[in-house]
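# Coordinate analysis (summary)
Here is how the chains run, residue by residue.
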Amino acid sequence: MKILVCISNVPDTTTKITFTNDNTEFNTAGVQYIVNPYDEIALSRAIELTEGGKGTVTAINVGEAANDPTIRKALAIGADDAVRVNAAPRDAYFVAKQIAEYAKDKDFDLILTGRESIDYNGNQVAAMVGEFLDIPSISIIKKLTLDGDTATIEREIEGGKEVLTVSGKFIASCAEGVAEPKIPTMRGIMSARTKPLTVVDAVATEEVAKVTRYETPAPRGTVKLIPADQTESLISLLHSEAKVI
Amino acid sequence: MSVLVYVEQAEGKFKKSVFEAVSYAKAIADQQSTHLTAISIGDVAESELKELGKYGASKVLNVNADQLKTFVNQAYASVIAAAAEKESADIIVLSNSFSGKGLAPRIAVKLKAGLADGAVELPSTDGKFSVKKTAFSGKAFAITELTSANKVIALNPNAFGVKENATDAAIEAFSADIKQSDLATVIKEIVRATDKVSLPDAELVVSAGRGLKGPENWGMIEELAGLLGAATACSKPVSDADWRPHSEHVGQTGIAISPNLYIAIGISGAIQHLAGVSSSKVIVVINKDPEAPFFKVADYGIVGDAFEVVPKLIEALKAHKG
Ligand SMILES: Cc1cc2nc3c(=O)[nH]c(=O)nc-3n(C[C@H](O)[C@H](O)[C@H](O)COP(=O)(O)OP(=O)(O)OC[C@H]3O[C@@H](n4cnc5c(N)ncnc54)[C@H](O)[C@@H]3O)c2cc1C
């Protein structure tokens, strides 16, 4: 089976988020980029599903050449080959369109993404690719097993879970639980250097949204400390001052 | 031109987050000097549909087809897009819920619409249609301009609040063609923990971390949450160790939440944890380490051992409730 996994290049989780140019641009100075943590989960599940010669995993990223180290990391984790659609990723609609264009005639059995990227938190790409390709999309999945042509999926819903099946091609966005993220081995890192990374051109896409400005949350005031033996004053502050209980 | 809001039901009922989405959509309709239509899919009683009028929906399209009894992403997206067309709605509002997150992007592609997910405020009224949305897991906001003619907005829970706006809602049956291929996913089982408050839209959340030492100590956390009517949550190492289910893990790689009250017990306050909870309105921290970074973002704090403080807090809460 052929699996396509979408990889997003995101700031490391410890990054302090700041902006430049009058808060219109994300400040990339000194920022380490990583494979989006949820995409690592998706990639790890794809590798498990194809282990032992059962198929191949292609990683795809929409981005400029600066993303190549992140793509090589995906190859080191275990993807067989990779594709980079050469364009600055404008927004989810643009990214999804590029991925769908690439995938449409390649006959992938399954496409996986992370549940969201930790920069724009969109949750958008998987379902948009699904719509562009007119295949089912299942968002925020917790478990994925395959039995021949049929997949059984567990997904999260408010206050519970849903178990569903789907046959044929589909795309799903993976959350925690789908797989343990794999750590690249030395051999993986060495072989990643020689695995194929194809660069393709982007297709023209209409602009539907753009980020014009960023804001950071207002700083909080200082903490009001309450002695450990006066829990009743905490309750009364939450009741009469903060008015939350 | 009009505004359409999708109202998701669970077992024939609407939740608070739905009334919040309707309130928000009504405020947008007012901004745009137009009216608000709601669309409900599934088996919902007329009296429940009428409730939507209270929050400003003047019309409710009711879709009740056998094939659509349970949530099917593709088919629901087709029906909502068809309803938008019928109503000439150019702004479509949804809750940024689990199903909303699966639907909104498909609707956006169908309508060639820009999508602002995780919206936290009303759109701007300065000529450009810009929506403030969370980004970087709550570490920032991105002001996103939707430049397309049609627009889709998915509202974050607890971001706007419920606002009454009494209108008499006219209920109208609606049906749209559903392609067989739109019904490819089949739901086998739905498991709902009915006695528990759902975390993503909870107003109060009690959360605990590795400081609790082991899963056997969660009894007091659940008791405290139960007394408050709060949802329970946890830090990543706690769910990684299977002390609690993954669905309770909050933070940058877990769920981002913004309840009115977040009580963090035995959690250090690492940057990745804060990323998902720092937009909570009020934060209470209980930690035995006075240097724990969580105290820097807390509104109220108790420096102390959770095993002593939490039982006392439970007693104080019982006394308060009388
Ligand atoms: C890529 C990546 C993504 C991540 N994403 C997330 C995420 O989404 N969410 C998340 O939570 N973490 C995330 N983390 C992990 C994060 O960095 C921290 O390791 C984690 O939040 C720590 O959890 P904790 O505070 O429960 O545990 P610890 O760091 O072990 O802290 C336990 C705290 O409990 C206190 N304590 C101990 N005993 C007691 C007691 N008896 N009474 C009171 N207090 C006590 C201690 O003083 C300490 O502050 C991520 C990390 C990485 C690398």
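As a reminder, the structure under discussion sits directly above these lines.
Notes on the structure follow.

Each value, and the rule that gives it
Within any chain, residue numbers begin from 1 and follow the written order of that chain's sequence. Chain letters and ligand numbers both follow the written order, the letters beginning at A and the numbers at 1. Side-chain atom pairs in this predicted model are given and counted only at pLDDT of 80 or more, local residue features only at pLDDT of at least 70, and totals for whole chains, interfaces and linings cover all residues. Values reported for side chains reflect all heavy atoms of the structure, with hydrogen atoms and water molecules removed beforehand. Helical segments are the DSSP runs of H or I of at least four residues, strand segments are the runs of E of at least two, and each set is numbered from the N terminus. Under the convention used throughout, the expected extent of a helix is 1.5 Å for every residue step, that is, one less than its residue count. Type-normalised accessible area, obtained with a 1.4 Å probe on protein chains alone, sets the label of each residue: buried when under 20%, exposed when over 50%, and partly exposed for intermediate values. Contacts are assigned to residue pairs with any non-hydrogen atoms lying within 4.5 Å of each other. Paired strands, as defined in this entry, are two strands with at least two bridges between them according to DSSP. Fitted lines through C-alpha atoms serve as axes, helices being fitted only where they are in contact, and the angles separating the N-to-C directions of these axes extend from 0 to 180 degrees. We call a residue near a molecule or strand when any one of its heavy atoms sits within 4 Å of it. As used in this structure description, the phrase polar contact means that two N or O atoms lie within 3.5 Å; if the pair is within protein, one of them must be able to donate a hydrogen and the other to accept it, and residues adjacent in sequence are counted only when both atoms belong to side chains. All accessibility values rest on the Shrake-Rupley procedure with a 1.4 Å probe; residue burial counts only the protein chains present in the view. Residues are grouped as follows: Ala, Val, Leu, Ile, Met, Phe, Trp, Tyr, Cys and Pro are nonpolar; Asp, Glu, Lys and Arg are charged; every other residue, Gly included, is polar. Here a cavity denotes grid points, spaced 1 Å and computed from the protein atoms alone, that fit a 1.4 Å probe unable to get out, and a pocket denotes an open set having protein on both sides within 12 Å along at least 5 of 7 lines; residues with an atom within 4 Å of a point are the lining. Grid points are joined across faces, edges and corners, and a volume is the space filled by probe spheres set on the points. A pair of aromatic rings is counted whenever rings of Phe, Tyr or Trp (Trp by its six-membered ring) have centres within 6.5 Å, and the orientation is called stacked for planes under 30 degrees apart, edge-to-face for over 60 and tilted otherwise. Put simply, a charge is over a ring when the Lys NZ or the Arg CZ is close to the ring centre, within 6 Å, and near the line of the ring normal, within 35 degrees.

### Some details on helix H3 (residues 92–103) of chain A
Over its twelve residues, H3(A) extends 16 Å from the first C-alpha to the last, a length consistent with the 16 Å expected when each residue adds 1.5 Å. Most of H3(A) is tucked away: ten of the twelve residues are buried. By the burial criterion, the buried members of H3(A) are A:Ala92, A:Tyr93, A:Phe94, A:Val95, A:Ala96, A:Gln98, A:Ile99, A:Ala100, A:Tyr102 and A:Ala103. On its buried face, H3(A) is in contact with strand E1 (2–6), strand E6 (56–62), strand E7 (81–86), strand E8 (110–114) and helix H4 (125–133) of chain A together with helix H4 (98–110) of chain B.

### A look at the sheet that holds strand E11 (residues 160–167) of chain A
The mixed open sheet is built from ten strands, whose spatial order is E13(A)-E7(A)-E6(A)-E1(A)-E8(A)-E12(A)-E9(A)-E10(A)-E11(A)-E12(B). Strands with a single pairing partner mark the edges of an open sheet, and in this sheet they are strand E13 (197–201) of chain A together with strand E12 (185–192) of chain B. Each strand axis lies, on average, 30 degrees off the axis of its neighbour in the sheet, ignoring direction. Here six bridges tie strand E9 (residues 137–147) of chain A to strand E10 (residues 150–157) of chain A, and the two strands are oriented antiparallel to one another. Residue pairing in the sheet places A:Thr145 in a bridge with A:Thr152 of E10(A). Those strands touched by helix H2 (residues 68–77) of chain A are E6, E7 and E13 of chain A, and its axis lies near 160 degrees from that of E7(A).

### Focus on the side chain of B:Thr253
One can find B:Thr253 in the loop between helix H6 (236–240) and strand E15 (261–265). Look at B:Thr253 and you get buried, because its relative accessible area is 12%. Each residue touching B:Thr253, except ones within four places of it in the same chain, is listed here: A:Pro37, A:Tyr38, A:Glu176 and B:Lys236.

### Points about the sheet that holds E15(B)
Taken in spatial order, the six strands make up an open sheet running E15(A)-E17(B)-E16(B)-E15(B)-E13(B)-E14(B), and their pairing is parallel. Taken across any chain shown, the strands that pair with only one partner, and hence form the sheet edges, are strand E15 (224–225) of chain A together with strand E14 (231–234) of chain B. Taken together, the four bridges between strand E16 (residues 282–287) of chain B and strand E17 (residues 300–303) of chain B define a ladder with parallel strand orientation. Residue B:Ile286 lies in a different strand from E17(B), and its bridge partner there is B:Ile302. The sheet strands contacting helix H6 (residues 231–241) of chain A are E15 of chain A together with E15, E16 and E17 of chain B, and the helix crosses E17(B) at an angle near 175 degrees. Against the sheet, helix H5 (residues 219–228) of chain B engages strand E13 (204–208), E14 and E15 of chain B, with an angle of about 175 degrees to E13(B).

### Regarding the site of the ligand
Residue and element names in this part refer to chain B. Around the ligand, a shell composed of 27 residues is seen, among which Ser-235, Thr-253, Ser-268, Gln-272 and His-273 lie nearest. At 2.9 Å, a backbone N or O of Val-250 approaches a nitrogen atom of the ligand. Between the ligand and the protein, one listed contact pairs an oxygen atom with a side-chain N or O atom of Gln-272 at 2.6 Å. Isolated, the ligand exposes 980 Å² of accessible area, and the fraction of that covered by the protein chains is 79%. Across the shell around the ligand, the residue classes tally to six nonpolar, 15 polar and six charged.

### Observations concerning the layout of surface pockets
Residue and element names in this part refer to chain B. Volume-wise, the second largest pocket comes out at about 940 Å³. Per-element accounting of the lining of the second largest pocket gives the leading share, three residues, to helix H7 (residues 271–277). The residue inventory of the lining of the second largest pocket, partitioned by class, reads 14 nonpolar, eleven polar and seven charged.

### Some details on the packing of aromatic side chains
Scanning the model with the defined rule gives 15 aromatic pairs over all chains in all. Seen in terms of ring centroids, B:Phe14 and B:Phe19 are 6.4 Å apart; in terms of plane orientation they differ by 75 degrees. Their pairing is edge-to-face. Judged by relative accessible area, B:Phe19 falls into the buried class, the value being 11%. One aromatic cluster in this structure is built from A:Phe19, A:Phe26, A:Tyr120, A:Tyr214 and B:Phe136. Here the guanidinium or amino end of B:Lys101 rests over the ring plane of B:Phe98, the centre of that ring lying 5.9 Å away.

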